[in-house]
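Observations on the three-dimensional arrangement
Now for the letters of each chain:
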Protein chains: 6
Amino acid sequence: MIFLSRKEHFNAAHKLYNPSWTEEKNKEVFGPCANPNGHGHNYELIVTLCGTPDPDTGFIFDLKKLSTLIREKVIEKVDHKNLNMDVDFMQGKMASTEVLAYEIFNILKKEIELQCSNAELYKITLYETPRNFVEVIREK
Amino acid sequence: MIFLSRKEHFNAAHKLYNPSWTEEKNKEVFGPCANPNGHGHNYELIVTLCGTPDPDTGFIFDLKKLSTLIREKVIEKVDHKNLNMDVDFMQGKMASTEVLAYEIFNILKKEIELQCSNAELYKITLYETPRNFVEVIREK
Amino acid sequence: MIFLSRKEHFNAAHKLYNPSWTEEKNKEVFGPCANPNGHGHNYELIVTLCGTPDPDTGFIFDLKKLSTLIREKVIEKVDHKNLNMDVDFMQGKMASTEVLAYEIFNILKKEIELQCSNAELYKITLYETPRNFVEVIREK
Amino acid sequence: MIFLSRKEHFNAAHKLYNPSWTEEKNKEVFGPCANPNGHGHNYELIVTLCGTPDPDTGFIFDLKKLSTLIREKVIEKVDHKNLNMDVDFMQGKMASTEVLAYEIFNILKKEIELQCSNAELYKITLYETPRNFVEVIREK
Amino acid sequence: MIFLSRKEHFNAAHKLYNPSWTEEKNKEVFGPCANPNGHGHNYELIVTLCGTPDPDTGFIFDLKKLSTLIREKVIEKVDHKNLNMDVDFMQGKMASTEVLAYEIFNILKKEIELQCSNAELYKITLYETPRNFVEVIREK
Amino acid sequence: MIFLSRKEHFNAAHKLYNPSWTEEKNKEVFGPCANPNGHGHNYELIVTLCGTPDPDTGFIFDLKKLSTLIREKVIEKVDHKNLNMDVDFMQGKMASTEVLAYEIFNILKKEIELQCSNAELYKITLYETPRNFVEVIREK
């Protein structure tokens, strides 16, 4: 089994805020992350496919196509956006790295199934900062 | 001449928006950076002093004190904040990296003059992303 | 399954030295790593939990709490220390990255079991240098 | 189970070119990567062993020996070389990162079986650029 | 004085070879860098302007325009190319990092003078590898 | 003026300790850095020359020779050593990054004057950690 990964990035604002809680409870649980006017990050997104190289190209999947797919289906929706206010697939959800990564995984899983015959999505890794990151791995 | 540098970081939201312009002109000039709900970055701030090492300590300046000074005078004011809305020293100014770096330089210059006898602020470097950064160097 | 990681760091001295061997055998096996007065590293420690996000917070585990836990239980015991001489949980053990990582894994495993209901320790990664690192993964 | 990794690097030229295709088809499929005179990369190679630390040394495998083994068996054959023209184990194969990683995995697997009793090759990771990389993991 | 920098990258093949020397002398002076079929690198290029921020935008220069300018005038000519064979401005010159950086500096200097009123080119930094790099700074 | 840089690294133990002070004063001024048994770092050393490229080679200085010179004159004396106890040129001096960088600058300055006709030492940069570093620049 061989794994192929591509790294992309986006810049977004967010806040951690549970609307069913009081302002005080949000501040208590999320601390400065609950700042009403938000803060932001340079997110790094690594998308990992697994599969078998095509004998004609040596490719599991064309990296230019993978980059285009990630940009069209994910980056364009979140880059230079406010994750709480501007992103359709995050509506009504907590804007934590865990939830954001899980949603991105599901979007990419469907697209890669449609576009790719000899590979499938194995994992995404989402860095919120160089010190905080989340991985979502497919169920076997 | 010897130079001593300390790197700190902060996470902030901002947008590029000139309030004396129309929404259309802002969009035209700043593109996605003018998104009304903002976006954000993991900023990296490097503060560089120049001076002569103290013979008793071997230090130009104590790095723990420098870190504390940077955190108290700069990081606490911008970390997990919206640069356009929450930061006093950015009120009425464009939230570009150039302007933000210039304001941070002036804040730190004064503090280091007060606290330090054998060194002075030489430069600050502010990374907005790993690919975009600004330096402000003191006039000779 | 979702994985959440936090990176911390510490600076420590160590030497590789087996006290049941002669000085010559230590030098032969460990080379410059056996230097009697020691050498040192900037260690990077990545702690990875797996679990399910809490629906109220979107968190597998609060990263500030995870950071505090790692600092109190591990970093304070090893940072600015000599691993062979100052660290209780390394007494009588080889100060290799493999052994150090294994001991840190066991300390963190217990603490995370105590403090966390919807996640558990999955892996630790310990960088001795940017080119040498060790991972310890839980048994299934 | 404990995993030990060592990172090495090499600089090589290559092109993506299928000799059974026309120049036009190569250009269409591989784009600028099919440039007849080639282009190149700073490749980063991470080799990961798994095993049990030796009680006398605390080592899964001696990292200096692992570094020497990787250099002698892989780096010397590809560093400052043209992967399409100068490398025996790539003759007649596509010079994609997937294929190169797979060949390097097989070379190292044999060598580590010969030289190492308490560890075996688990994975190699090959970075073509900081944004494109391939992993080959052993079958269980 | 404020400095604004933008980082771009390109992947290219090259060899170090003086055509007025024998093959033996080239091998003696340049070692593996003289390999006839070439090798290659992931080059990183940092372009630094100095100037005064425009009061309406807060910008020394628009980073999107700077990125486009660097790509059109430099990256498109060298990316996925062989520096010895495919690049017009390197014809008849040694493909060392020093010479390449000097030529890129001169190309960008002219363009930035044409396109920019309140800033000028101060420096370029060209990384051949993470450990080898060259800077060209303007004469005062 | 063109600048050529080479990065090397070494791993060393040290402590910050002024022998003319009491243990208490050392602890008060240097905190955990005064731990009697020491701690350590992965130091990164960047050596920057300035000069004019040789027309025959395109080189300011041969990077392999520069690497060898740095290793023989500096790295071999400090790598896998205790800076306070094992390094001749640090005897009787504070083992701060400032002092260490200054001593390394002076050693390299002499050697490069001897070995190099068309370049001279311009600067050294010494990283103690990724967040703390010192530069020494030649007087004009």
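Residues numbered from 1 in each chain as written. Chains lettered and ligands numbered in written order. Predicted model: local features only at pLDDT ≥ 70, side-chain atom pairs only at ≥ 80, totals over all residues. Heavy atoms only, no water.

**Quick word on the packing of helix 2 (residues 63-78) of chain E against helix 3 (residues 97-115) of chain E**
When two helices pack together, their arrangement is given by the angle between the helix axes and the distance between those axes. Residue and element names in this part refer to chain E. One can describe the packing of helix 2 onto helix 3 by two numbers: an axis separation of 10 Å at closest approach and a directional angle of 130°. By the criterion of interaxial angle, the relationship of helix 2 to helix 3 is oblique. When you trace helix 2 past helix 3, the crossing you get is right-handed. Contacts between helix 2 and helix 3 involve L66, L69, I70, K73 and V74 on the former and, on the latter, I104, I107, L108, E111, I112 and Q115. (Axes fitted to C-alpha atoms, helices over the stretch in contact; angles between N-to-C directions. Helix = DSSP H or I, 4+ residues; strand = E, 2+ residues; numbered from the N terminus. Parallel < 35°, antiparallel > 145°, perpendicular 65-115°, else oblique. Left-handed = near helix turned anticlockwise from the far one by under 90°. Contact = heavy atoms within 4.5 Å.)

**Remarks on the interface of chain A and chain B**
Taken together, the 22 residues of chain A in the interface contact 22 residues of chain B. By the criterion of area lost to chain B, the three top residues of chain A are N37, N42 and H80 of chain A, representing 37% of everything that side buries. Where chain A touches chain B, the interface holds 0 salt bridges. The interface formed by chain A and chain B includes 17 residue pairs in polar contact (both at pLDDT 80 or more). Where the side of chain A that touches chain B is concerned, the elements lending two or more residues are strand 1 (2-14), strand 2 (39-51), strand 3 (81-82) and strand 4 (119-129) of chain A. (Buried area = accessible area lost by both parts, 1.4 Å probe. Salt bridge = Lys/Arg side-chain N within 4 Å of Asp/Glu carboxyl O. Polar contact = N/O pair within 3.5 Å; in protein donor to acceptor, adjacent residues only side chain to side chain.)

**Side note on the interface of chain F and chain C**
Listed as interface residues are 22 residues of chain F and, on the opposing side, 22 residues of chain C. Roughly 1600 Å² of surface becomes buried between chain F and chain C when both sides are summed, with 51% attributable to carbon and sulfur atoms. Where chain F touches chain C, the interface holds 0 salt bridges. The set of elements that each furnish at least two residues to the side of chain F that touches chain C consists of strand 1 (2-14), strand 2 (39-51), strand 3 (81-82) and strand 4 (119-129) of chain F. Broken down by class, the residue content of the side of chain F that touches chain C amounts to 6 nonpolar, 12 polar and 4 charged. (Nonpolar A, V, L, I, M, F, W, Y, C, P; charged D, E, K, R; others polar.)

**Quick word on the relation of the copies chain A and chain B**
For these two chains of identical sequence, chain A goes onto chain B by a turn of 180° and a shift of 0.0 Å along the axis, with RMSD 0.0 Å. The transformation relating the two chain copies, once decomposed into turn and shift, fits a two-fold axis. Mapped onto chain B, 100% of the interface residues of chain A again fall at the interface, so both copies present the same surface. (Least-squares fit on C-alpha atoms with pLDDT ≥ 70 in both.)

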